[in-house]
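This is what each chain is made of:
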Amino acid sequence: MSHSLSQETIAIVKSTGPALRQHGLAITTAMYARLFQDEDVKAMFDQAAQESGEQPKRLAAAILGYAENIDKLEALGGAVARMVARHVDTGVKPDHYPKVAAALLPAIRDVLGEDVATDAVLAAWAEAYQFLADILIAEEAKAYAAAA
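Every value quoted in this text rests on a predicted model; they were computed, and no experiment measured them.

Look at helix 5 (residues 54-69): 22 Å from first C-alpha to last across 16 residues, which is about the 22 Å you get at 1.5 Å a residue. Taken residue by residue, helix 5 has Q55, P56, A60, I63, L64, G65, Y66, A67 and N69 as its buried positions. Contacts from the buried residues of helix 5 go to helix 1 (7-15), helix 2 (17-35), helix 4 (47-51), helix 7 (97-112) and helix 8 (119-147).

Now the structure itself:
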């Protein structure tokens, strides 16, 4: 990883923790609705876990965990390892990450509204998302190479 998050980004993302705790499930539900407009992406997901609400709840918890621990990423090592294993099992590739960002960021704004999800908040989340995506992509590349 060649860069780190700015202190401003860290502070903004951490400040969204209470809103994520309250509205995380609504955000992830809205995000999946956007994401699943792409049938190829939808096919990668366990639809039973979607319909039961299990997957949106898991993602909401992961996003909250990231927000609350963004200043101590070492606390997320286990969660990252589980995500990498799941992503490799389901065939996630680097080009999937922009699709998730394109669904997640508008979902944050849609659910929280422009007063909370300001341009600065969305910019911080975009940076934080890309930072985490870069970590996951690098770890997934190692896992794919090891499996080859």
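Taken as a whole and judged by the stated rule, the model has 8 salt bridges. When the shortest N-O distance is used, the salt bridge between K99 and D38 registers 3.3 Å. Residue K99 is located in helix 7, and its partner D38 is located in the loop between helix 2 and helix 3 (39-42); the two are separated by 61 residues in the primary sequence. K99 sits in the partly exposed class, given a relative accessible area of 36%. With its nearest N and O atoms 2.7 Å apart, the salt bridge here joins D119 to R109. Residue D119 is located in helix 8, and its partner R109 is located in helix 7; the two are separated by 10 residues in the primary sequence. Residue classification places D119 among the exposed positions, given a relative accessible area of 59%. Of the residues examined, R109 reaches a relative accessible area of 21% and is grouped as partly exposed. A single salt-bridge network, built from bridges that share partners, covers K14, D71 and K72.

Going through the model one piece at a time under the given rule, you end up with 4 aromatic pairs. On the basis of an interplanar angle of 65 degrees and a centroid distance of 6.1 Å, the ring pair of Y66 and W125 is categorised as edge-to-face. Residue Y66 is found in helix 5, and its partner W125 is found in helix 8; the two are separated by 59 residues along the sequence. Judged by relative accessible area, Y66 falls into the buried class, the value being 5%. Of the aromatic side chains, those joined through ring pairs into one cluster are Y32, F36 and F45.

To continue, consider the nonpolar core. A general tendency of soluble globular proteins is for nonpolar side chains to be buried together. Counting 40 residues, the largest nonpolar core has Y66, I108 and W125 as the members making the most contacts within it. When residues of this core are traced back to their parent elements, those giving at least two are helix 1, helix 2, helix 5, helix 6 (77-90), helix 7 and helix 8. Ranked by the residues each element gives to this core, the list is headed by helix 8, at 10 residues. Filtering out sequence-adjacent residues up to four positions away, I108 remains in contact with I27, G113, A117, L122 and W125.

Conventions used here
- Residues numbered from 1 in each chain as written.
- Predicted model: local features only at pLDDT ≥ 70, side-chain atom pairs only at ≥ 80, totals over all residues.
- Heavy atoms only, no water.
- Helix = DSSP H or I, 4+ residues; strand = E, 2+ residues; numbered from the N terminus.
- Expected span 1.5 Å × (residues − 1).
- Buried < 20%, exposed > 50% of the residue type's maximum accessible area, 1.4 Å probe, protein only.
- Contact = heavy atoms within 4.5 Å.
- Salt bridge = Lys/Arg side-chain N within 4 Å of Asp/Glu carboxyl O.
- Phe/Tyr/Trp six-rings, centres within 6.5 Å; stacked < 30°, edge-to-face > 60°.
- Core = buried A, V, L, I, M, F, W, Y, C linked by side-chain atoms within 4.5 Å.

Without other data, these values stay purely geometric and don't point to any function.
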